[in-house]
Amino acid sequence: MKVFLQTFGCQMNKLDSAIVESSLRDAGYQFANNAKDADVVLINTCSVRDHAEQRVMSHLGNLKHIKETRPDLVVGVIGCMAQRLGSELFKQSAVDIVCGPAQIAEIPRLIAEVMQEKKKTVAVTEKIRQISPDAQSLERFETEYSGDDTDIPAQAYVRAMHGCDKFCSYCVVPYVRGLETSRSPEAIIEQTKRLAQNGIKQITLLGQRINAYEYKAGDKTYCLADLLEMISEIDGIEWIKFVTSYPSQKYYKEIMQAMAELPKVCRYLHIPAQSGSDQILKAMNRGYTSAEYLELLDIARQIVPDIAIAGDFIVGFPGETDDDFSQTVDLVKKARYKNSFIFKYSPRPGTIADKRLEDNVPQEIKERRNHELLKVQEEISRALAAEVTGRTVKVLVEGPSKKSHQVDNLPQLIGRTSGDWIAVFNGPENLAGRFANVKITRTTPLTLFGELV
Ligand code: 5AD
Ligand code: SF4
């Protein structure tokens, strides 16, 4: 039996897919590169913007045609759309399995059931604001994951937290990923040790608000800084990253201090601002002002002077005026991000913004603001990248680049620095999954080009 597993969305989904893939391999399944060669198609879905959901819907439309000629094909929708829409997804006639993020441990069983009983099946969390009854079996399932099937050699994600309770007014995550809970340090350490034994050199701790990590055991409360210190002691793990940080003072200095003092912790901080206008930040329910946000960046740079900072922004939030937008432009200029991810506001059903605020910024204005903010960021990225020219940087090699432009018969490789810069250089393919030093000779806003030292 062959499975084709396609993944949309964030790192959490990539991790869920890697765990599912690994469990299905253990159960004897093989993997195909496309739906045509597969007996089972699983789509791990994202609900964060409408566009991501529409792409899945159109895939499901195509799968319906494949199923007309191959009725035995099993199609499963997993992840955030599965939790958000539940059995409504059966309106897409191709769908046999609907499985939420908290139920992924059930997937091998659900596939077997559908194959035997030929009936559609759904597994999602009924009450998303309560601890999922599937939490314990998910935890056991997750702790077993040992880092096979990572999409980048020698690198793995490790979940530190589930869910989110922050309820930013635009965001669907609390409605699909449930309550914010931290995994125990024991489980995280045990899992990371297993990953290290299997050759993983870099782990990225995941949480929607990773800096809010908090776990009480007896008299001790563990925060992210404690976790970074404990993971630093694991032999074989050489780089530790964590995403995504939420702008808040709680534990912030401790975490920055840990980054400054622990050599394995990468000097990279992804800390979305979302907007530079205090009025919009308030409507987004973010709980900070742009001045408070910039102060956090100052603190980070005081404690870790060479830190690379990345941001996220939403343009065209309901009520965003030209003046609000120009405050966002100002914030981006002051923040001097290494890069920013910029999104056009997309109303999400069930969220507070969708219920209470009209999506009243016209599409063409959203596009224009998106484009303008990207240009402002591009100039900053260009200047920051140019500063690296002439320096030698250490990278963890991910593998051949898509372009694979050969020099002296050596393929073009891609690596990433500890500050998350992409470096492109030529070298032997067997460097994938290993560290290399690259002397940078030329840069563009998003990429460093150089030669293997
Ligand atoms: N519309 C547009 N962008 C969104 N994001 C989250 N929700 C929405 C939405 N409704 C963006 C935020 C977040 C990133 C992962 O996606 O910038 O940080
Ligand atoms: Fe969504 Fe806000 Fe939670 Fe991030 S912190 S996942 S934006 S609700």
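Residues numbered from 1 in each chain as written. Chains lettered and ligands numbered in written order. Predicted model: local features only at pLDDT ≥ 70, side-chain atom pairs only at ≥ 80, totals over all residues. Heavy atoms only, no water.

(A) Inspection of the packing of aromatic side chains at higher detail. Taken as a whole, this structure holds 7 aromatic pairs when the rule is applied. Where F167 meets Y175, the ring centres are 5.4 Å apart and the plane angle is 80°; that geometry is what we call edge-to-face. Its relative accessible area of 23% is what places F167 among the partly exposed residues. What makes Y175 partly exposed here is its relative accessible area of 24%. Judged by centre distance (6.5 Å) and plane angle (85°), the rings of Y170 and F317 are edge-to-face. Of this pair, Y170 sits in the loop between β8 (161-162) and α6 (173-176) while F317 sits in the loop between β15 (308-315) and α12 (322-335); the two residues are 147 residues apart in sequence, bridging distant segments of the chain. Linked through ring pairs, Y170, F317 and Y345 together constitute an aromatic cluster. The ring of Y246 carries the charged tip of R209 above its face, separated from the ring centre by 5.6 Å. (Phe/Tyr/Trp six-rings, centres within 6.5 Å; stacked < 30°, edge-to-face > 60°. Buried < 20%, exposed > 50% of the residue type's maximum accessible area, 1.4 Å probe, protein only. Helix = DSSP H or I, 4+ residues; strand = E, 2+ residues; numbered from the N terminus. Lys NZ or Arg CZ within 6 Å of the ring centre and 35° of its normal.)

(B) Looking closely at the site of ligand 2. In the vicinity of ligand 2, the contacting residues are C164, K166, F167, C168, Y170, C171, V173, P174, Q208, R209, Y246 and R286. Taken together, the residues of the shell around ligand 2 sort by class into 8 nonpolar, 1 polar and 3 charged. (Near = heavy atom within 4 Å. Nonpolar A, V, L, I, M, F, W, Y, C, P; charged D, E, K, R; others polar.)

(C) Layout of the nonpolar core. Judged by nonpolar contacts, the single largest core of 117 residues is most densely connected at L205, L228, I231, F242, M256 and Y337. Per-element accounting of this core gives the leading share, 7 residues, to helix α11 (residues 290-303). The residues contacting F242, other than those within four sequence positions of it, are T204, L205, I210, L224, L228, I255, M259, V265 and L269. Grouped together as the second largest cluster of nonpolar side chains are 24 residues, F4, A52, I66 and L73 included. (Core = buried A, V, L, I, M, F, W, Y, C linked by side-chain atoms within 4.5 Å. Contact = heavy atoms within 4.5 Å.)

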